[in-house]
Amino acid sequence: MQQDLLSSLNPRQLQAVTAPEDSVLILAGAGSGKTRVLTSRIAYLLNEHLARTDEILAVTFTNKAAKEMVTRLETMLPYDLRRMWVGTFHGLCNRILRRHAEFAALPKTFQILDSGDQLSLIKRVMKAANVDPEKTDAKYVQNFINWSKEHGLRSSQVTGSDCDETTKSLYVEYERQCQREGVVDFAELLLRCYELLERNELVRTHYQHRFRHILVDEFQDTNILQYRWLKLLAGAGLGPDGCSLNAVFAVGDDDQSIYAFRGANVGNMEDFLKDFRVAEPIRLEENYRSTGTILDAANGLIAKNSGRLGKNLWTSGARGEKIIVEELPDDRAEARWVVDDIEHERGRGTVYRDFAVLYRMNSQSRAMESALASAGIPYRVYGGLRFFERAEVKHVLAYLRLLTNPWDDTSFLRIVNFPTRGIGAKTIESLTLEARARGVSLWAALSDDTVKVPPKLAAFHSLILKMRTDAQTMSLDKAIRYTITASGLRDAYMKEKDGEDRVANMDEILSAAKGYLENEGIRPEHCAFEPVSDDSPSPLEGFLTQATLEAGDKNEDASTDAVQLMTVHAAKGLEFKYVYIIGAEEGIFPHFSALKETEKKGGRGGLEEERRLMYVAITRAKKRLVISHCRERLLYGNNFSNPVSSFVNEIPQELLDIRELARSRRDDDDDGFDAYFDDYGRKSGSSGRGGYGGYSKSGRGSTGGYGARGASGYGSRASGSSLSPETRAAF
Ligand code: ATP
Ligand code: MG
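Residues numbered from 1 in each chain as written. Chains lettered and ligands numbered in written order. Predicted model: local features only at pLDDT ≥ 70, side-chain atom pairs only at ≥ 80, totals over all residues.

Can you help me understand the UniProt feature "domain: UvrD-like helicase ATP-binding" (unreviewed entry) in the protein chain in this one?
Taken from the UniProt record, the annotation "domain: UvrD-like helicase ATP-binding" (unreviewed entry) applies to residues 7-291. As annotated, residues 7-291 comprises 47% helix and 11% strand, and the C-alpha atoms at either end are separated by 23 Å. (UniProt positions renumbered as here; feature names shortened; annotations may be inferred. Helix = DSSP H or I, 4+ residues; strand = E, 2+ residues; numbered from the N terminus.)

See the structure below:
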């Protein structure tokens, strides 16, 4: 098996997988086998007895990638991999914090705030501090707090040059309030864990001695704090001759750095060489994923960026077909065209799961979803409104959270009057004032004998107490069932007009919980509140944590055959036979905000980040790539008309099969293109828009390229890369 594992690798990959046990940096382009090499490295270390499973820590970018990696290793190796740690930075930090909560000054049952809950807590803090939301934007405060934490800055450390006094004082108060409630936000997970490792020698040395091998995928997207966390855990500089104690195996691609807007620091790659005493990064240059045409397009595009670390990417595989650039009248037509095309391509050895539709913004999925749904094609949306973010699901989770941590004000406020119990805003307000005066959580104030509590609120208090007592000995499944009913949520939703779906969603939590127990190897009858072992949480706490940390899509089951819909950001690291990049229009992709932004130092901001994002999108495709754009698009309730994305013009034109409205393949079909021309009342050449149907391939050829055609053809609408006034107005 070992031989099989190694023999399928090319010489460079083999060199990386079998490198001496020092730190290694692999710098290589998309599809060159970085993730595969990282996985093989783990298998190699275990098989050669260079490491035990509990000495390995692997960091992936998503929970899904973590699961895939473990599954793959399980098929390769005869070992029980449960003692190996594989997860995202957030997941791993959470795990460490749970084990040492008391050293991190957190209650053992601390809850995690998702971004929506964080925003509502900030709004409450603003209200308490009498800060006018018209003058100070809560979202801005949220971004500032997260930015600070990602840079390792506590409220006491931010200065006047970082923000104004109001924002700083809100940060101070926000930190206090989180502490009072026993809740942490995403950025806090990392910062708190970093501080724990930094300050607590016992904990730090424990992990430094445990994880002899740390492996990091998608290293280009680590932020400053994550990198510091890695250095600490690896004991950078603490080994002989200034090496690190533990070996870090990092793989990344500077051309795929797409999270600079969230603080990712591609400079970490250069620092890594210094900090971990790595002489030379290993470069992989053979691409195994895409056709030659797709690869050339990606290479041609990314060549326009400056300040790259530089690498070549080639393939010995087939050239494949040209990249289709399809123009459509509007977004609905675009969605229908994609659906038609999928139906057309499917069957010849392909299944729905081989198709991915990628877009720049979440909001673009709506038109695609309705077209797929009306064609009866199964699909799955990653990201967007996730299962665990749905209101009814969050309500159930809030009750469950109160059962383990009643001091969580966010959950308390979410359900104190839901289902309605006649508890008014005034009552809540006065309880909030009492709590604030005493410096305690709402639950603590409510439980305080000296606080005068109106009867309806007292009834709520009794309900939660009773639920806590009743559920105490129940299994997770029973506790959730009980909570949905005892809270009154089931009855309340049953009475609603469209309540059935909501009840079904609440019941779906039971499947999620079942899946959780199975994954964790916990017996279904294990008491929901009893820790499973000394260092793992109770089933209920573990489940609640997972619900917040993971996408938790209801249709997560990857075995269902469905078309995949996701943003380009979410597609990182994945590959599909067929890829559709929709909405390739100036102002959408590249996104307007990036065009507006002046390029940051070293050209790493704005447009260059968008170009890397397009590079990521293109390099997801294995066999066939389609890029579509619309003449008109409905977005945020407005119609926009923008020229084709300038990125399309940057791809070597000979690789493209450009199809305009008038000359579409579908144009010849009797059931296809004409149908929506009828719908939209714009038969070729009769729309009254100058030159609408008048472009022919030869015409385009003579104007020398797509951009030029756009500029002259769309006439007054727009020039090659500028934006229409409507777009400007909307952003
Ligand atoms: P990305 O930058 O997009 O994350 P990557 O560098 O991580 O890409 P992988 O996903 O590891 O690339 O590999 C791309 C594809 O090439 C996968 O399907 C992988 O199985 C395949 N592959 C990698 N190396 C080889 C090889 N030596 N022989 C055959 N197939 C390979
Ligand atoms: Mg990868």
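Please clarify how the nonpolar core should be interpreted in this entry.
Formed by 148 residues in total, the largest nonpolar core has its most connected members in L190, C193, V357, L358 and I618. If you tally residues by element for this core, the top one is helix α9 (residues 186-199), at nine residues. Beyond its immediate stretch of four places on either side in the chain, V357 contacts V338, M368, V563, L565, Y580 and I582. The next biggest cluster of nonpolar side chains, apart from the first, holds 39 residues, and it includes V416, L442, I480 and Y493. (Core = buried A, V, L, I, M, F, W, Y, C linked by C-beta atoms within 7 Å. Buried ≥ 20, exposed ≤ 12 C-beta atoms within 10 Å, placed from the backbone. Contact = placed C-beta atoms within 7 Å.)

Could you clarify how one ought to interpret unusual backbone geometry in this entry?
Leaving glycine aside, a negative phi is the common case for residues, and trans is the common case for peptide bonds. The residue after F418, namely P419, is reached through a cis peptide bond having omega -5°. Along the chain, P419 turns up in the loop between α17 (409-415) and α18 (425-438). The backbone of N130 shows a phi angle near 55°, a positive value even though the residue is not glycine. For N130, the location among the structural elements is in the loop between α6 (115-128) and α7 (138-150). With a phi angle near 50°, R277 is a residue other than glycine that sits in the positive phi range. Its place among the elements puts R277 in the loop between α12 (267-275) and β8 (282-284).

What should I look at first to understand the environment of A129 in this one?
Within the element layout of this structure, A129 appears in the loop between α6 and α7. Considered as a pair, A129 and V141 are 12 residues apart in the sequence and their alpha carbons are 13 Å apart. A129 has contacts with S169, L170 and E173, leaving out every residue within four places of it along the chain.

Explain the site of ligand 1 here, please?
Near ligand 1 lie 19 residues; those nearest to it are G33, K34, T35, R36 and Y288. The biggest single contributor to the shell around ligand 1 is helix α3 (residues 34-47), with three residues. Here the shell around ligand 1 is composed, by residue class, of four nonpolar, 10 polar and five charged. (Near = placed C-beta within 6 Å. Nonpolar A, V, L, I, M, F, W, Y, C, P; charged D, E, K, R; others polar.)

Got a minute to help me understand the UniProt feature "binding site: ATP" (unreviewed entry) in the protein chain in this structure?
The UniProt record marks A28, G29, A30, G31, S32, G33, K34 and T35 with the feature "binding site: ATP" (unreviewed entry), using the residue numbering of this structure. Once residues within four sequence positions are removed from consideration, G33 is found in contact with Q13, L284 and Y288.

Looking at this structure, how should I read the pairing of strand β13 (residues 576-581)?
Two faces make up the sheet, and in a regular strand the side chains alternate between them. Within β13, five of the six residues are buried, which leaves the element mostly enclosed by the surrounding structure. Where strand β10 (residues 355-359) meets β13, four bridges bridge the pair, whose relative direction is parallel. Each residue of the ladder has a partner; that of A356, found in β13, is V579. The sheet contact formed by β13 and strand β14 (residues 621-635) spans five bridges and is parallel. Opposite V579, over in β14, you have L625 as the bridge partner. (Pairing = 2+ DSSP bridges.)

Teacher, can you tell me more about helix α23 (residues 499-520) here?
Counting along an α-helix, one turn takes 3.6 residues, and residues three or four places apart therefore face a common direction. Between its first and last C-alpha, α23 extends 32 Å over 22 residues, near the 32 Å set by a 1.5 Å rise per residue. Listing the buried residues of α23 in full gives R502, M506, I509, A512, A513, Y516 and L517. Burial along α23 is one-sided: seen end-on, the buried residues are contained in an arc of 135°. Within α23, the exposed residues directed more than 90 degrees away from the buried face are E500, D501, A504, S511, E518 and N519. On its buried side, α23 packs onto α16 (391-404), α21 (476-486), α22 (489-495) and α24 (539-549). Backbone geometry just after α23 places G521 at a positive phi near 70°. (Expected span 1.5 Å × (residues − 1). Arc of directions from axis to C-beta.)

Help me understand the sheet that holds strand β1 (residues 24-28) in this model?
Strand pairs in the sheet, formed through backbone hydrogen bonds, run parallel or antiparallel to each other. Strand order in this open sheet of six strands is β3-β2-β6-β7-β1-β8, and the pairing throughout is parallel. The sheet is open, and its two edges are formed by β3 (85-87) and β8, each paired on a single side. Taking the axes of each pair of neighbouring strands and ignoring which way they run, one obtains an average angle of 10° across the sheet. Two strands pair when backbone bridges link them, and strand β2 (residues 56-59) and strand β6 (residues 213-216) are joined in this way by four bridges, in the parallel orientation. Within β6, the residue paired with I56 across the bridge is H213. Sheet contacts for α3: β1, β2, β6, β7 (247-252) and β8; angle to β7, the most-contacted strand, approximately 160°. (Axes fitted to C-alpha atoms, helices over the stretch in contact; angles between N-to-C directions.)

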